[in-house]
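Reading the structure
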Amino acid sequence: ANLAARPRMSETHVRQPTDAVLGYLAAHDDFSAEIAMRYARRRGAPLSLFVHDDAAAFATDRGDQDRLRRRQAAILRSTHRCWFVSPELAAVSGLPPAARRVLPPIPGSPPQFAGWRADFAGQPRVYYAGFIWPVQLPLLAKIARTLADAGARLVLLTRLTPALAEFLRTTPISHIAPFPTNSEALSYLAREAAGVLVSYTETVEEMPWIATSFPSKLVEYAQLGLPCAIVAPADSAVGRWAERVGTVDFFLPTELNRLGEWARALRNEATWFRRGEPSRNLATGEFDPGKIQAIFVAGLLRE
């Protein structure tokens, strides 16, 4: 199939039929999705979109929220199929069920499970990788102290900002700079991390978009087979997912004593392996790259 997200209108391209158009709609980038929408309409091809966020959830002004919802709704109505990152995001889209599907982010590579290392018995390092919003810092501080009390260390793999630099001076957290590519970051985690962390804020009100957005890094983490702790509100999308799955290490922000027990388990090889079992099961089940890709390909063209 010929797929076009950002069409280049060369003479050769115009002559070739377009079987399908694929785009990506995120909270802060709807321009490329609009290009894909107009191109698909012009070529008479079905348009499919990956939808990662509810853009209006990031706005604080009611007028901006209404404007963003109208713009995103217009784009979504033009599609043959939308692949939403969570059932909650699909539900707020306003599309009929036949026009929407839920699809986890597609991991970049098949699982390559990490192994136990002897130095985990000393001070296991737990990594949070990805962008950090300022409102996340209070909960990260509590998590860092909980891990420290359990003999572990929290490491942030993220861009260093002035606010984060100030935060690091008063909190038992280490920091490393982001890697040029996602695959390099995952390779590093496979070598160095005793565990990984997905964390948001104590309440959905502090980060409204987590009610519908799903952490793509959780899907990538699963490919490493490492113990993974999720700390989030119950009414977040990942909280509801954890309740449905029922087998992952999910902790409410008020349950950090249980997170401490999780961290202490990382210091023993047998318990470390048991704590990594949910990740390994996800990597060969719901988050299997081949299965996700097959579902996506099967629904890409017009049925």
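Refer to the structure presented above.
From N to C terminus, the protein chain includes 12 helices and 11 strands. Its C-alpha atoms give the protein chain a radius of gyration of 21 Å, within 12% of the compact-globule value 19 Å for 303 residues. C-alpha extents for the protein chain along the principal axes are approximately 65 × 40 × 35 Å. When each of the 303 residues of the protein chain is scored for burial, the buried share is 50%. The long-range share in the protein chain, meaning contacts at least 24 apart out of those at least 6 apart in sequence, stands at 69%. For the protein chain, the accessible surface area stands at approximately 14300 Å², while carbon and sulfur atoms represent 53% of it. Of the side-chain charges in the protein chain, 35 are positive and 30 negative, and the distance between the mean point of each set is 4 Å.

With that settled, consider the side chain of Thr18. Positionally, Thr18 belongs in the loop between helix H1 (11-15) and strand S2 (20-25). A relative accessible area of 13% means that Thr18 is categorised as buried. Among the polar contacts listed, one links the side chain of Thr18 to the side chain of Tyr39, at a separation of 3.1 Å.

Quick look at the pattern of salt bridges now. Scanning the entire structure with this criterion turns up 10 salt bridges. For Arg117, the salt bridge is made with Glu192, and the minimal N-O distance between the two is 3.5 Å. Taken together, the residues span a long stretch of sequence, with Arg117 in the loop between strand S5 (100-102) and strand S6 (125-129) and Glu192 in helix H7 (residues 182-192) at a distance of 75 residues. A single salt-bridge network, built from bridges that share partners, covers Arg117, Asp119, Arg125 and Glu192.

With that settled, the discussion passes to helix H5 (residues 137-149). Look at H5: 18 Å from first C-alpha to last across 13 residues, which is about the 18 Å you get at 1.5 Å a residue. Among the residues of H5, those classed as buried are Leu137, Leu139, Leu140, Ala141, Ile143, Ala144, Thr146 and Leu147.

Here we take up helix H10 (residues 256-265). Turning to H10, its buried residues number three or more, namely Leu256, Leu259, Gly260, Trp262, Ala263 and Ala265. Where H10 is buried, its residues contact S6, H5, strand S9 (195-199), strand S10 (228-231), strand S11 (249-251) and helix H11 (269-283).

Attention shifts here to the environment of Arg240. Note that Arg240 resides in helix H9 (residues 237-245). For Arg240, the residues in contact, after removing those within four places along its chain, are Glu88, Ala211, Ala234 and Asp235. Polar side-chain contacts of Arg240 include one of 2.8 Å to the backbone oxygen of Asp235.

This brings us to the pairing of S9. Of all 5 residues making up S9, 5 are buried, and the element is well covered by its neighbours. The side-chain alternation of S9 yields two buried faces, one formed by Gly195, Leu197 and Ser199 and the other by Val196 and Val198. Judged from the 2 bridges that link them, S6 and S9 form a sheet pairing that is parallel. Bridged to Val126 within S9 is Gly195. Direction of pairing for S9 relative to S10: parallel, over a ladder of 4 bridges. Within S10, the residue paired with Leu197 across the bridge is Ala229. What joins S9 to S10 is helix H8 (residues 216-222), and the crossover it makes is right-handed.

Calculation rules
Residues numbered from 1 in each chain as written. Predicted model: local features only at pLDDT ≥ 70, side-chain atom pairs only at ≥ 80, totals over all residues. Heavy atoms only, no water. Helix = DSSP H or I, 4+ residues; strand = E, 2+ residues; numbered from the N terminus. Rg over C-alpha atoms; globule rule 2.2 N^0.38 Å. Buried < 20%, exposed > 50% of the residue type's maximum accessible area, 1.4 Å probe, protein only. Contact = heavy atoms within 4.5 Å. Areas by Shrake-Rupley, 256 points an atom, 1.4 Å probe, with all protein chains shown as cover. Lys, Arg positive; Asp, Glu negative; His and termini not counted. Charge placed at Lys NZ, Arg CZ, Asp CG, Glu CD. Polar contact = N/O pair within 3.5 Å; in protein donor to acceptor, adjacent residues only side chain to side chain. Salt bridge = Lys/Arg side-chain N within 4 Å of Asp/Glu carboxyl O. Expected span 1.5 Å × (residues − 1). Pairing = 2+ DSSP bridges. Right-handed = clockwise from strand over helix to strand, strands pointing away.

None of the figures reported here should be taken as evidence of function without further support.
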